[in-house]
Amino acid sequence: MRLLHTSDWHLGRAFHRVNMLGAQSGFIGHLVTTVRERGVDAVVVSGDVYDRAVPPLAAVELFDDALHRLADLGVPTVMISGNHDSARRLGVGAGLIGRAGIHLRTDPTACGTPVVLKDDFGDVAFYGLPYLEPALVKDEFGVEKPGHEAVLAAAMDRVRADLASRAHGTRSVVLAHAFVTGGEASDSERDITVGGVAAVPAGVFDGVDYAALGHLHGCQTITERVRYSGSPLPYSFSEADHRKSMWLVDLDADGAVTAERVDCPVPRALARIRGTLEELLADPGLARHEEAWIEATLTDAVRPADPMARLAERFPHTLSLAFAPERAPEDPDVSYAQRLADRSDQEIAEDFVAHVRGAGPDEHEQGVLRDAFDAVRADEAVREVAR
């Protein structure tokens, strides 16, 4: 069976105020063409179909168009909700849509109930694990302390139990939306840390032939059987070096996996450039970036006049401008943003306690802070679901 694995469409999302709807529509067209021309037997979409719980109408219309075009191909599609989606909204009409071969899996209680497809060698069971927010599903899965590993492990226990009840030789595919250990993150994924931990071990997916992952925006291989497709379009400058693609996965009669990357069309290259304003305007080596979307970081000791306008004369698609004067780290003028770069909310809070009190929090106090941050995240998730 040949699968096309994609995820993280984020329909409705902009890129630094640039409307990406046209590029997203172009990707849908590319997806449909790939399915038709490469003999794809099933499409799997591993979450974050939309960029937010209540997407704009234009994004909903594009999703509707995608569903119709996929259904017209007669190729089954299995799709789960991600942490950016409203599972309940995405799942509206799932039963009816399923009759057209588009299988939406947004209900955590149905993790152990697969979509079963057939090929010349027998059954392939597709298990959809929508994004599992630990605070919201811990009771359903009977875990005492909410955490990503605990709830995913419990969901996978249901998958393995169902698979064990099926005919010998039944092959299996799991769709999941999670941060798996070994994956490389970018700046455009929403933080899903719970209890100070965001990642789960790849071993949680043992026992299935292929795990089609979503959440991280870079296409990557965790193991031969556990892969991220990544987002088909860039959504932050941290993705400047990404090769945007989908996985074309062949599952043979014994469940062995072979995979090929299929490149996605990208509307414009991304480039991150750094130096003084005069250096950036004069450097001939930057000519290759003149038509790219640009993130420019200026290192001038004194902020120059009209930097964006001057940059735009050479780089008309400059979208982001930052200032990072080259100063010693102990210099009092180092910006607050620079001092906080790459630090978690927990670390910032602990630093604040140390600054105010003269000593950092002890182990118990660190736990109190961690629980407080988790409670805020859980409350935000509940509010999003209820919207």
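Residues numbered from 1 in each chain as written. Predicted model: local features only at pLDDT ≥ 70, side-chain atom pairs only at ≥ 80, totals over all residues. Heavy atoms only, no water.

1. Notes on the sheet that holds strand E6 (residues 102-105)
Backbone-to-backbone hydrogen bonds pair the strands of a sheet. The strands run either parallel or antiparallel. Pairing within the open sheet is mixed, and its 6 strands lie in the order E6-E5-E4-E1-E15-E16. Looking at strand neighbours, the two that pair on one side only are E6 and strand E16 (257-263), the edges of this open sheet. With direction set aside, neighbouring strand axes in the sheet form an average angle of 20°. As defined by bridge partners, strand E1 (residues 2-6) adjoins strand E4 (residues 42-46) across 4 bridges and the pair is classed as parallel. Considered in E4, the bridge of Thr6 is made with Val45. Running at roughly 170° to E1, helix H1 (residues 21-37) makes contact with E1, E4, strand E15 (245-251) and E16 of the sheet. Relative to E6, helix H2 (residues 57-73) is tilted by about 130°, and along the sheet it contacts E4, strand E5 (77-80) and E6. (Pairing = 2+ DSSP bridges. Helix = DSSP H or I, 4+ residues; strand = E, 2+ residues; numbered from the N terminus. Axes fitted to C-alpha atoms, helices over the stretch in contact; angles between N-to-C directions. Contact = heavy atoms within 4.5 Å.)

2. Quick word on the packing of H1 against H2
At a minimum axis distance of 10 Å, the contact between H1 and H2 shows a crossing angle of 10°. One finds that H1 runs roughly parallel with respect to H2. Counted together, Leu21, Gln24, Ser25, Ile28, Gly29, Leu31, Val32, Val35 and Arg36 of H1 and Ala58, Ala59, Leu62, Ala66, Arg69, Leu70 and Leu73 of H2 form the full contact between these two elements. Residues belonging to the contact of H1 with H2 are distributed by class as follows: 11 nonpolar, 3 polar and 2 charged. (Parallel < 35°, antiparallel > 145°, perpendicular 65-115°, else oblique. Nonpolar A, V, L, I, M, F, W, Y, C, P; charged D, E, K, R; others polar.)

3. Things to note about the UniProt feature "domain: Calcineurin-like phosphoesterase" (unreviewed entry) in the chain
Under the local residue numbering, the UniProt record ascribes the feature "domain: Calcineurin-like phosphoesterase" (unreviewed entry) to residues 1-218. Taken as a whole, residues 1-218 contains 31% helix and 23% strand, while its terminal C-alpha atoms sit 25 Å from one another. (UniProt positions renumbered as here; feature names shortened; annotations may be inferred.)

4. Observations concerning the layout of surface pockets
In this structure, the second largest pocket encloses a volume near 280 Å³. Around the second largest pocket, the lining is made up of 14 residues, and of these Lys145, Pro146, Gly147, Val194 and Gly195 lie nearest the centre. Going through the elements one at a time, helix H6 (148-164), strand E11 (199-200) and helix H11 (363-386) are the ones with two or more residues in the lining of the second largest pocket. Looking at the lining of the second largest pocket, its residues break down into 6 nonpolar, 3 polar and 5 charged. (1 Å grid on protein atoms, 1.4 Å probe; cavity = no way out; pocket = protein on both sides within 12 Å on 5 of 7 lines; lining within 4 Å. Points joined across faces, edges and corners; volume = space filled by probe spheres on them.)

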